[in-house]
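Summary of the model geometry
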Amino acid sequence: MVDNYVMVYKYLGDLMFYVTGSQEENELILYSVLQAFYESVSLLLRYVRVTGGSAHLGCSHLWCM
């Protein structure tokens, strides 16, 4: 918990993903959101690597209220 926010994080290579929520949020729900996003990005990166296609995958932030 940081500044009354619950944070979960996960690494993928040199990427780090964070999901934050208020202290009333359920940590398991936040983790399931993070896991779904992590799996989606993993599939996207695997597709780019296998096809040899180029994609602009810059730094992005996902904010959900």
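Keep in mind it's a predicted model, so treat the numbers as computed, not measured. (Residues numbered from 1 in each chain as written. Predicted model: local features only at pLDDT ≥ 70, side-chain atom pairs only at ≥ 80, totals over all residues. Heavy atoms only, no water.)

Observations concerning the pairing of strand E1 (residues 5-12)
- Of the two faces of E1, only the one carrying Val6, Val8, Lys10 and Leu12 is buried; Tyr5, Met7, Tyr9 and Tyr11 on the other face are not.
- When E1 meets strand E2 (residues 15-22), the two strands line up antiparallel, connected through 8 bridges. Residue pairing for E2: Met7 is matched across the bridge by Thr20.
- Counted between consecutive antiparallel strands, the loop separating E1 from E2 contains 2 residues, among which Gly13 sits at a positive phi close to 65 degrees. (Buried < 20%, exposed > 50% of the residue type's maximum accessible area, 1.4 Å probe, protein only. Helix = DSSP H or I, 4+ residues; strand = E, 2+ residues; numbered from the N terminus. Pairing = 2+ DSSP bridges.)

Some thoughts on unusual backbone geometry
- Residue Asn4 is not a glycine yet carries a positive backbone phi of 65 degrees.
- Inspection of the secondary structure puts Asn4 in the segment before E1.

A few points about the packing of aromatic side chains
- For the structure shown, the criterion picks out 4 aromatic pairs.
- Seen from their ring centres, Tyr9 and Tyr11 are 6.1 Å apart, and the 80 degrees between their planes marks the pair as edge-to-face.
- With a centroid separation of 6.5 Å and 85 degrees between ring planes, the pair formed by Phe17 and Tyr38 is classed as edge-to-face. Residue Phe17 is located in strand E2, and its partner Tyr38 is located in helix H1 (residues 27-51); the two are separated by 21 residues in the primary sequence.
- Looking at Phe17, the relative accessible area reads 12%, which means it is buried.
- Three or more aromatic residues joined by ring pairs form one cluster here, namely Tyr9, Tyr11 and Tyr18. (Phe/Tyr/Trp six-rings, centres within 6.5 Å; stacked < 30°, edge-to-face > 60°.)

Here's the deal with the nonpolar core
- Core analysis: the biggest nonpolar cluster contains 9 residues, these being Val6, Val8, Leu12, Phe17, Val19, Leu30, Leu34, Tyr38 and Val41.
- Counting residues per element, the ones that place at least two in this core are E1, E2 and H1.
- Considering each element in turn, this core owes the most residues, 4 residues, to H1.
- The residues touching Tyr38, leaving out its near neighbours within four places in the chain, are Lys10, Tyr11, Leu12 and Phe17. (Core = buried A, V, L, I, M, F, W, Y, C linked by side-chain atoms within 4.5 Å. Contact = heavy atoms within 4.5 Å.)

Points about the side chain of Lys10
- With respect to the element layout, Lys10 can be found in strand E1.
- A distance of 3.4 Å separates polar atoms of two side chains, one belonging to Lys10 and the other to Tyr31.
- Not counting residues within four places of it along the chain, the set of residues in contact with Lys10 comprises Leu15, Met16, Phe17, Tyr31, Leu34, Gln35 and Tyr38. (Polar contact = N/O pair within 3.5 Å; in protein donor to acceptor, adjacent residues only side chain to side chain.)

So far we have only geometry, and geometry alone does not tell us how the molecule works.
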